[in-house]
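# Examining the three-dimensional arrangement
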Amino acid sequence: MRAHDDKEISLVNLPADDVRTGSDAQRIGEILHAMGAISAEQIQQVLSRQASNGRVFGETAIEMGFVGRDEVIAALSRQFSYPYQFNRGDVQMNDELVMANSPFSEEVECFRNLRSELLMGVLAPANTSRPALAVVSPNIGDGKSFVIANLAIAFSQARSRTLLIDADMRSPRLHEVFGIENGAGLSNALSGRSETRIIAPVAALPNLYMIPSGTLPPNPTELIHSPAFEILLHEVTKKFDVVLVDTPAAIHGADAAVIASKAGAAMVVARKGASRVASLQGLLARLGKANIRIAGVMMNVI
């Protein structure tokens with residue numbers, strides 16, 4: 001993956017907001033108005049200018065100084081039902097969520113490509129025994145949680161009903177990344193100590209749901225070995241289009257391989273310049289012995 005270089009995004013490369021004029025252009029204006037970005041009077045001024053300059057509504061509104069580029073991108077995203085977090089200061093998403101914060105940047109194309117590869121492979125819709133996908137890594141700091149969080153958003157943006165499970169009950173991070181309450185979650189459900197629903201929708205990202213790790217247990221390995229974990233995975237894979245499972249780093253022991261075996265498929269994340277070949281080969285060997293479908297190895301260069 002390449003780091004985001006903060007280049008400006010040309011409107012030419014955006015989904016066309018209104019290569020058409022008239023009612024469609026008005027629709028973009030109405031969305032901007034509902035966002036509080038432009039007034040009704042300004043909409044009429046833009047439409048008048050647009051009639052003479054022949055340019056699209058968004059470019060004309062930017063040219064006239066009524067709105068900014070980010071606001072037009074946000075309006076386009078709403079028109080095309082494309083989940084994208086436009087920050088107006090009241091809601092701020094974690095900087096790690098590049099798929100939500102900068103969905104039109106070059107950096108995120110690898111997640112779209114990865115989504116396509118998985119949908120043509122282990123997560124193919126035609127696969128009647130489609131598994132959950134565990135994302136595993138050899139060591140702490142390989143970027144596994146960063147990868148799985150953005151991959152989950154990528155699937156949700158493709159209108160796949162997506163569930164993200166944080167099964168890292170040793171050093172969980174996903175509840176912090178997504179701003180989800182972690183009072184009750186996977187550990188509580190597996191230990192029979194949760195009477196509340198543990199699947200939470202992720203705010204501002206339609207189609208994306210999450211099961212946080214829950215209270216840190218003293219016996220995470222025993223919990224993932226329990227029949228309750230298999231039952232849970234069996235149920236959610238029937239109710240969601242895509243189920244992604246975060247795991248503890250393999251350095252913690254057998255947890256990642258056990259989770260992957262119950263999920264049915266695994267993708268390995270390694271970090272360029274940090275992951276050792278021996279630890280990566282050892283992890284792949286353990287996964288192979290468990291008869292797990294390996295989706296591949298992603299090398300994180302960030």
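Below: a short report on this structure. (Residues numbered from 1 in each chain as written. Predicted model: local features only at pLDDT ≥ 70, side-chain atom pairs only at ≥ 80, totals over all residues. Heavy atoms only, no water.)

### A few points about the overall build of the protein
A count of helical and extended segments in the protein gives 13 helices and 7 strands. Taken across its 302 residues, the protein has 49% of its residues classed as buried. Contacts spanning at least 24 positions in sequence make up 73% of the contacts within the protein whose residues lie at least 6 apart. (Helix = DSSP H or I, 4+ residues; strand = E, 2+ residues; numbered from the N terminus. Buried < 20%, exposed > 50% of the residue type's maximum accessible area, 1.4 Å probe, protein only. Contact = heavy atoms within 4.5 Å.)

### Overview of the layout of surface pockets
Roughly 400 Å³ of volume is contained in the largest pocket. In this structure, the largest pocket is lined by 16 residues; those nearest its centre are Ile198, Ile199, Ile211, Val236 and Lys239. Those elements that provide at least two residues to the lining of the largest pocket are helix H9 (186–190), strand S4 (208–211) and helix H11 (227–239). Broken down by element, the residue count for the lining of the largest pocket peaks at 5 residues, all from H11. Residue composition of the lining of the largest pocket, by class: 11 nonpolar, 1 polar and 4 charged. (1 Å grid on protein atoms, 1.4 Å probe; cavity = no way out; pocket = protein on both sides within 12 Å on 5 of 7 lines; lining within 4 Å. Points joined across faces, edges and corners; volume = space filled by probe spheres on them. Nonpolar A, V, L, I, M, F, W, Y, C, P; charged D, E, K, R; others polar.)

### Section: the packing of aromatic side chains
Scanning the model with the defined rule gives 2 aromatic pairs in all. Between Phe111 and Phe146 the ring centres are 5.9 Å apart and the planes differ by 70°, which places this aromatic pair in the edge-to-face class. Of this pair, Phe111 sits in helix H6 (residues 109–119) while Phe146 sits in helix H7 (residues 144–157), placing them 35 residues apart in sequence. For the cation-ring pair, Arg161 lies above Tyr209, with the distance from its terminal atom to the ring centre recorded as 4.8 Å. (Phe/Tyr/Trp six-rings, centres within 6.5 Å; stacked < 30°, edge-to-face > 60°. Lys NZ or Arg CZ within 6 Å of the ring centre and 35° of its normal.)

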